[in-house]
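Below, each chain spelled out in residue letters.
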Amino acid sequence: MAISSCEMSLNPVFSPTSTTRLSKSPSHLPSCLRFSVSASVQPSSNSKSVAIGVVEPKPVFTSVKSFAPATVANLGPGFDFLGCAVDGIGDYVNLRVDPDVRPGEVFISEISGAGSKLSKNPLWNCAGIAAIAVMKMLKVRSVGVSLSLEKGLPLGSGLGSSAASAAAAAVAVNELFGGPLSQSELVIAGLESEAKVSGYHADNIAPSIMGGFVLIRSYDPLELMQLKLPQESKLFFVLVNPEFEAPTKKMRAVLPQEITMSHHVWNSSQAGALVASVLQGDLKGLGRALSSDKIVEPRRAPLIPGMEAVKKAAIAAGAFGCTISGAGPTAVAVTDDEERGREIGERMVDAFMKEGNLKALAMVKQLDQIGARLKHLPSLWCMAVFVAKRSTWDVLTTLQLHLYYQP
């Protein structure tokens, strides 16, 4: 029976305050990607991940559609170890069991939206790489799958475009087979994609899959920490994306190989202040820390026409802080008021045009608390599996988002 492939536990895989350590993985992964779950968050006795590799899971649906949100990585001083998910924009994956695809393989049938330049070869496509990684982790050999990718995020935007594709694909494959993998295991699959496309960093893929703010405490072994923003905090991101592509590899190439001790101390203190501000719901403190990077932003800002003027315009318009989102060119500012956020966005757009001669689009978005998930819940059984895997708060929030995203 399909139900037997997915054991159910009412305990979430990890709580917002827990730490997940990963260091012992399936044998097909490189040593740097191997993982295990630390004793502090050891899965319950009926955890689904324990059974991985014993019996090949069977599909519980013929098709699913998933969504993964955009992300803001680095958050100023948190280069490669801090990121968060942004509500309302992201990528979609439609996945189905396909008898015309060889068992155990992935076929990309279509790419639409902003992804016209992307390869359909699953070995060179973010969604394909992540989907294959999940298939291998599940040891699926009896069926093949085909997927179509709907790119809602522009390439090279600094909004985690590659990570969103990978996250959506990883979640879609996992849910197609009953959801036996945990979120942390899906991050591992997504990291295979990130490592091949833009570098081995999890500050996009982790929040895109897990939602909220995520701190990467360690990469060897991979150790992730979710940072819970208080529910009463009204955090708004002002995202201003200019018509300018900033490839991640190019933007990483300008980074310094060595830094001074004074800059190290400064950035460390600002990153600590940012984490404390998130946990305390101190949005003004978050903004100050966000704006205070002395290592990465000074090297990247000159490569984005008008960026320095855009940051000044955001602060002058009342933003708590402003920096480059990920590798850029998107600029991100933070505020606690949606209407003020629109005004800040208008000033930033004007600055991009005036100082950088770039057209830009402004959006005001909130924090995505859930991360990658199914777009449509195909059945009551799917809902039962979902409820079993998430906390009550996550379920209620996701139901609200699910209703919001319906056409």
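Preceding block: the structure.
In what follows, the accompanying structure is described. (Residues numbered from 1 in each chain as written. Predicted model: local features only at pLDDT ≥ 70, side-chain atom pairs only at ≥ 80, totals over all residues. Heavy atoms only, no water.)

### Points about the overall build of the protein
Per the secondary structure count, the protein includes 12 helices and 12 strands. In the protein, which comprises 407 residues, the share counted as buried stands at 57%. By sequence separation, contacts in the protein at least 24 residues apart represent 76% of the contacts at least 6 residues apart. When the accessible area of the protein is evaluated, it comes to approximately 17,000 Å², of which 55% is carbon and sulfur surface. (Helix = DSSP H or I, 4+ residues; strand = E, 2+ residues; numbered from the N terminus. Buried < 20%, exposed > 50% of the residue type's maximum accessible area, 1.4 Å probe, protein only. Contact = heavy atoms within 4.5 Å. Areas by Shrake-Rupley, 256 points an atom, 1.4 Å probe, with all protein chains shown as cover.)

### Some remarks on the environment of proline 256
Among the structural elements, proline 256 can be located in the loop between helix H5 (248-253) and helix H6 (261-280). Beyond its immediate stretch of four places on either side in the chain, proline 256 contacts Ile295 and Arg299.

### A short note on helix H3 (residues 183-197)
Over its 15 residues, H3 runs 21 Å from end to end, which matches the ideal 21 Å to within 8%, given 1.5 Å per residue. Of all the 15 residues making up H3, 12 are buried; the element is thus mostly covered by neighbouring parts of the structure. Every buried residue of H3 is listed here: Gln183, Ser184, Glu185, Leu186, Val187, Ile188, Ala189, Gly190, Leu191, Glu192, Ser193 and Glu194. One or two steps after H3, the chain reaches glycine 199, where phi turns positive at roughly 120 degrees. (Expected span 1.5 Å × (residues − 1).)

### A few points about the packing of helix H9 (residues 307-316) against helix H10 (residues 338-356)
Between H9 and H10, whose axes approach to 8 Å, the crossing angle comes to 155 degrees. When the axis of H9 is compared with that of H10, the two are roughly antiparallel. Crossing hand, H9 versus H10: right-handed. Together, Met307, Ala309, Val310, Ala313 and Ala314 of H9 and Ile344, Arg347, Met348, Ala351, Phe352 and Glu355 of H10 make up the contact between the two elements. (Axes fitted to C-alpha atoms, helices over the stretch in contact; angles between N-to-C directions. Parallel < 35°, antiparallel > 145°, perpendicular 65-115°, else oblique. Left-handed = near helix turned anticlockwise from the far one by under 90°.)

### Overview of unusual backbone geometry
Residues aspartate 220 and proline 221 are joined by a peptide bond in cis, for which omega reads 0 degrees. One can find proline 221 in the loop between strand S6 (213-219) and strand S7 (222-227). The amide bond that connects glycine 328 to the next residue, proline 329, takes the cis arrangement and shows omega of 10 degrees. With respect to the helices, strands and loops of the structure, proline 329 is situated in the loop between strand S9 (321-324) and strand S10 (331-335). Although it is not a glycine, asparagine 74 sits at a positive phi angle of roughly 75 degrees.

### A closer look at the sheet that holds strand S11 (residues 360-366)
Taking strand neighbours across the sheet as the criterion, the 4 strands line up as S9-S10-S8-S11 in an open arrangement whose pairing is antiparallel. Taken across any chain shown, the strands that pair with only one partner, and hence form the sheet edges, are S9 and S11. Averaged over all neighbouring strand pairs, the angle between strand axes comes to 20 degrees, with direction disregarded. Relative to S11, strand S8 (residues 236-242) is paired through 7 bridges, and the arrangement is antiparallel. (Pairing = 2+ DSSP bridges.)

### Looking at the nonpolar core
Ranked by internal contacts, the top residues of the largest apolar core, which has 80 residues, are Leu95, Leu147, Val187, Ile205, Phe213, Phe237 and Leu239. Counting residues per element, this core draws most heavily on helix H2 (residues 161-176), which supplies 11 residues. Listed in part, the 22 residues of the second largest apolar core include Val238, Val240, Ala301 and Ala319. (Core = buried A, V, L, I, M, F, W, Y, C linked by side-chain atoms within 4.5 Å.)

### Observations regarding helix H1 (residues 126-138)
Taking 1.5 Å of rise per residue, 13 residues should cover 18 Å, and H1 covers 19 Å from first to last C-alpha, within 8% of that figure. When H1 is considered as a whole, its buried residues turn out to be Cys126, Ala127, Gly128, Ile129, Ala130, Ala131, Ile132, Ala133, Val134, Met135, Met137 and Leu138. Where H1 is buried, its residues contact strand S4 (106-113), strand S5 (145-151), H2 and H3. Backbone nitrogen of alanine 127 and a side-chain oxygen of the N-cap are separated by 2.9 Å at the start of H1; the cap is asparagine 125. (Polar contact = N/O pair within 3.5 Å; in protein donor to acceptor, adjacent residues only side chain to side chain.)

### Let's talk about the pattern of salt bridges
For the structure shown, the criterion picks out 12 salt bridges. With a closest N to O distance of 2.5 Å, aspartate 91 and lysine 151 form a salt bridge. Here aspartate 91, found in strand S3 (residues 82-97), pairs with lysine 151, found in strand S5; they are 60 residues apart in sequence, far enough to count as distant. No difference in accessibility class separates aspartate 91 from lysine 151, as the two residues are buried. A salt bridge links arginine 340 to aspartate 336, with the shortest nitrogen-to-oxygen separation between them at 3.0 Å. The partly exposed category is assigned to arginine 340, whose relative accessible area is 31%. (Salt bridge = Lys/Arg side-chain N within 4 Å of Asp/Glu carboxyl O.)

### What to know about the packing of aromatic side chains
A full pass over the atoms with the stated rule returns 2 aromatic pairs. Considering the side-chain rings of phenylalanine 67 and tyrosine 92, the 5.0 Å spacing of their centres and the 50 degrees angle between planes classify their relative orientation as tilted. Here tyrosine 92 lies in strand S3 and phenylalanine 67 lies in strand S2 (residues 63-73), a separation of 25 residues in the sequence. Taken individually, phenylalanine 67 and tyrosine 92 each receive the classification buried, so the pair is uniform in this respect. One Lys or Arg, lysine 65, reaches over the ring of tyrosine 92 and ends 5.1 Å from the middle of that ring. The residue whose ring lies beneath lysine 294 is tryptophan 266, and the NZ or CZ to ring-centre distance is 4.2 Å. (Phe/Tyr/Trp six-rings, centres within 6.5 Å; stacked < 30°, edge-to-face > 60°. Lys NZ or Arg CZ within 6 Å of the ring centre and 35° of its normal.)

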